[in-house]
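# Examination of the molecular architecture
Letter by letter, the chains look like this.
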Amino acid sequence: TGINSDDDVVYGFTDGSITKLIIDEDNKIIVVGTDEVAGVANIFVFRILADMSAFDTTFNADGTQGYLIYSNTNDQTPNDAIMHPDGRVVVVGSEN
């Protein structure tokens, strides 16, 4: 997870995809998607600084947040995400 020398954001997907990108009021980029962990798709959310130089560590200690919504045996998919007026990210999804 990080920004490489070509200024590419490298999250370290094992088998994931991005569902939603949101630009917040500070022009930071919020990314929502899935990543496979131990063979199960889990929802992740991370935020990148506006200048794309690094993950935003004010979002979480390392700028990323993974979520296991219910169990560790079922695939989870974020269907949509919005930025709440108070700055919180709201993600809706499903589990198979």
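Preceding this section is the structure that the text describes.
Residues numbered from 1 in each chain as written. Predicted model: local features only at pLDDT ≥ 70, side-chain atom pairs only at ≥ 80, totals over all residues. Heavy atoms only, no water.

### Some details on the environment of Asp26
The criterion, for reference: Runs of H or I in DSSP of at least four residues are treated as helices and runs of E of at least two as strands, each being numbered from the N terminus.
Structurally, Asp26 is set in the loop between strand 3 (17-23) and strand 4 (29-37). Here the alpha-carbon distance between Asp26 and Ala50, two residues 24 residues apart in the chain, equals 7.1 Å.

### Looking at unusual backbone geometry
With glycine set apart, most residues show a phi of negative sign, and most peptide bonds adopt trans. Located in the positive-phi region is Asn27, a residue other than glycine, with phi close to 65 degrees. Tracing the sequence through the fold places Asn27 in the loop between strand 3 and strand 4.

### Thoughts on the nonpolar core
Using the following cut-off: For our purposes a nonpolar core is just a set of buried Ala, Val, Leu, Ile, Met, Phe, Trp, Tyr and Cys residues, chained together by side-chain atoms within 4.5 Å. Each residue gets one of three labels from its accessible area relative to the maximum for its type: buried under 20%, exposed over 50%, partly exposed in between, using a 1.4 Å probe on protein chains only.
Counting residues in hydrophobic clusters, the biggest one holds 6 residues: Ile29, Val31, Phe44, Phe46, Ile48 and Phe55. Those elements giving two or more residues to this core turn out to be strand 4 and strand 5 (40-48). Counting residues per element, this core draws most heavily on strand 5, which supplies 3 residues. In this structure, Ile22, Ile30, Val32 and Val45 belong to the second largest nonpolar core, which totals 5 residues.

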